Amino acid sequence: MFDRSIKIAPSILAADFANFGAECRAIEAQGADWVHVDVMDGHFVPNLTFGPAMCAALRPHIKGVMDVHLMISPVDAYLEAFAKAGADVISAHVEAGPHIHRTLQAIRALGKKAGVAINPGTPVEAVAELLDMVDMVCVMTVNPGFGGQSFIESQIPKIARLRQLIGDRPVHIEIDGGITTATAPLVAKVGADVLVAGSAVFKGGSVDNPAPYGANIRAIRTAAEAALG
Ligand code: DX5
Ligand code: ZN
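Summarised in this report is the structure supplied together with it. Every chain begins its residue count from 1, and numbering advances along the sequence as written. Lettering for chains starts from A, numbering for ligands starts from 1, and both go in the order in which the items are written. Note on the predicted model: pLDDT of at least 70 is required for a residue's local features to be given, and 80 or more for side-chain atom pairs to be given and counted; whole-chain, interface and lining totals, by contrast, use all residues. Heavy atoms throughout the structure, all of them, feed into the side-chain values; hydrogens and water do not.

Digging into the overall build of the protein
Helix and strand assignments come from DSSP, with helices taken as H or I runs of at least 4 residues and strands as E runs of at least 2, each series counted from the N terminus. Of the regular secondary structure elements, the protein holds 8 helices and 8 strands. The buried share of the protein, taken over its 229 residues, is 52%. In what follows, residue pairs with any heavy atoms lying within 4.5 Å of each other are defined as contacts. Across the protein, contacts joining residues at least 24 apart in sequence account for 65% of those joining residues at least 6 apart. Reported accessibility uses the Shrake-Rupley method at a 1.4 Å probe radius. Residues are deemed covered only where the shown protein chains occlude them. Summed over its atoms, the accessible surface of the protein is roughly 9,500 Å², and 55% of this surface lies on carbon and sulfur atoms. Positive charge is attributed to Lys and Arg, negative charge to Asp and Glu, and no charge count is given to His or to the chain ends. To locate a charge, take NZ of a lysine, CZ of an arginine, CG of an aspartate or CD of a glutamate. Placing the 18 positive and 23 negative side-chain charges of the protein at their respective mean positions leaves the two points 4 Å apart. We call a residue buried when its accessible area falls under 20% of the maximum for its residue type, exposed when it is over 50%, and partly exposed in between, using a 1.4 Å probe and counting protein chains only.

The structure is reproduced here in structure tokens:
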């Protein structure tokens, strides 16, 4: 099942918060591969979003992969709730506590795919000992907390190093933050396969006018695939 084809994962952080169910249905109908759900606690990151109850409410509106990005600390006490809420992939930050190894074991023990996320200031070597126990590494290309920030270009060599470290392991590289038609090729070229995009997917559209979502998703995918040659 594992493959490195480009997958577009719209972040519902950029959706209409009063219409999440319809927004999830709209982005999937318009070609989204995964749905990326940003959970923030006002402590690990300076913003608050939503918790497991929201994820459970969204689940029936998402046919494909629900990709839950936990920007919370502590994280372990909440894993079971997000697993029960129907997450397919659960990512925790390496910076969120002293025991990321235990956290990743717990995610897999719950029967979910495990992701480890790293902030822009964290070297990729921080995940080197974890690569045999994860399904995905999420490289943040903005400081987490808010959508609509500018892509931090200095992360590109880091993504290339991660791709080398991963070798032939079945581990996805997800890039989160500032993905647009301009930045998608830069990360695809160095080995990223899951591209999270909030503002760049939702711009210009709405649940009543979802066609721009499809055009935006196609444009990002085409730009990324063109870089693969
Ligand atoms: C930031 C979140 C991202 C964010 C991406 O903390 O993890 O998923 O929504 O938004 P854009 O694509 O607008 O940078
Ligand atoms: Zn995210």
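The discussion continues.
Overview of the sheet that holds strand β1 (residues 7-10)
Only strands joined by at least two bridges in the DSSP assignment are considered to pair. Read from one edge to the other, the open sheet built from 8 strands follows the order β1-β8-β7-β6-β5-β4-β3-β2, with strand pairing classed as parallel. Of all strands in the sheet, those bounded by a partner on one side alone are β1 and β2 (34-40). Here the average twist between neighbouring strands, direction ignored, is 25 degrees. Of the pairings in the sheet, the one linking β1 to strand β8 (residues 194-197) comprises 4 bridges and is parallel in character. Here an angle of 0 to 180 degrees is reported between the N-to-C directions of two axes, which are lines fitted to C-alpha atoms, with helices fitted over the stretch in contact.

A look at the coordination of the zinc ion (ligand 2)
A donor here means any N, O or S atom no more than 2.8 Å from the metal (3.2 Å for Na, K and Ca); water is not included, so a site may seem to lack partners. On the protein side, the zinc ion (ligand 2) has His36 (NE2), Asp38 (OD), His69 (ND1) and Asp176 (OD) as donor atoms, found 2.0 to 2.3 Å from it. Around the zinc ion (ligand 2) sit 6 donor atoms; with metal-centred angles ranging over 68 to 169 degrees, the donor geometry is octahedral. Within one chain, the residues serving as donors to the zinc ion (ligand 2) are arranged as H-x1-D-x30-H-x106-D. Pair noted here: His69 is in strand β3 (residues 65-71) and Asp176 is in strand β7 (residues 172-176), with a separation of 107 residues, a long-range link. Per residue, the accessibility class of His69 equals that of Asp176, and both read buried. Only four donors with every angle between 85 and 135 degrees are called tetrahedral; only four or six donors with opposite donors over 155 degrees apart and all others between 65 and 115 are called square planar or octahedral, in that order; all others are irregular.

Focus on the packing of aromatic side chains
Each Phe, Tyr or Trp ring, with Trp reduced to its six-membered ring, pairs with another whose centre is within 6.5 Å; inter-plane angles below 30 degrees give stacked pairs, above 60 give edge-to-face pairs, and intermediate values give tilted ones. Summed over the entire model, instances satisfying the criterion amount to 4 aromatic pairs. Centroid distance Phe20 to Phe50: 5.5 Å. Interplanar angle 75 degrees. Geometry classified as edge-to-face. Residue Phe20 is located in helix α1 (residues 20-29), and its partner Phe50 is located in the loop between β2 and α2 (52-58); the two are separated by 30 residues in the primary sequence. You can call Phe20 buried: its relative accessible area is 5%.

A word on the site of ligand 1
If a single non-hydrogen atom of a residue is within 4 Å of a molecule or strand, that residue counts as near it. Taken together, 20 residues lie near ligand 1, and Asp38, Gly145, Asp176, Gly198 and Ser199 sit nearest. Identification of polar contacts relies on pairs of N or O atoms within 3.5 Å, with a donor-acceptor requirement for protein atoms, meaning one able to donate a hydrogen and the other able to accept it, and with residues adjacent in sequence counted only if both atoms are side-chain atoms. Here an oxygen atom of ligand 1 and a side-chain polar atom of His69 are 3.3 Å apart. Between ligand 1 and Ser199 there is a distance of 2.3 Å, counted from an oxygen atom to a side-chain nitrogen or oxygen. Coverage of ligand 1 by the protein chains reaches 99% of its 380 Å² of free accessible surface. Those elements that provide at least two residues to the shell around ligand 1 are β2, β3 and β8. Ranked by the residues each element gives to the shell around ligand 1, the list is headed by β2, at 3 residues. Classes in brief: Ala, Val, Leu, Ile, Met, Phe, Trp, Tyr, Cys and Pro nonpolar; Asp, Glu, Lys and Arg charged; the others, Gly included, polar. Of the residues contributing to the shell around ligand 1, the split by class is 8 nonpolar, 10 polar and 2 charged.

Quick notes on the pattern of salt bridges
Basic side-chain nitrogens of Lys or Arg form a salt bridge, by our definition, when they fall within 4 Å of a carboxyl oxygen of Asp or Glu. All told, the structure shown has 8 salt bridges when counted by the stated rule. In this structure, the salt-bridge partner of Lys7 is Asp193, at a minimum N-O distance of 3.1 Å. Here Lys7 is found in strand β1, whereas its partner Asp193 is found in the loop between α6 (184-189) and β8, with 186 residues between them in sequence. By the burial criterion, Lys7 is buried, and Asp193 matches it. Here Asp135 makes a salt bridge to Arg108, at a shortest N to O gap of 3.1 Å. On the criterion of sequence distance, the pair formed by Asp135 in the loop between β5 (113-118) and β6 (136-140) and Arg108 in helix α4 (residues 100-109) is long-range, its members being 27 residues apart. Given the relative accessible area of 35%, Arg108 is considered partly exposed. Overlapping salt bridges, with partners in common, bring together Asp3, Lys7 and Asp193 in one network.

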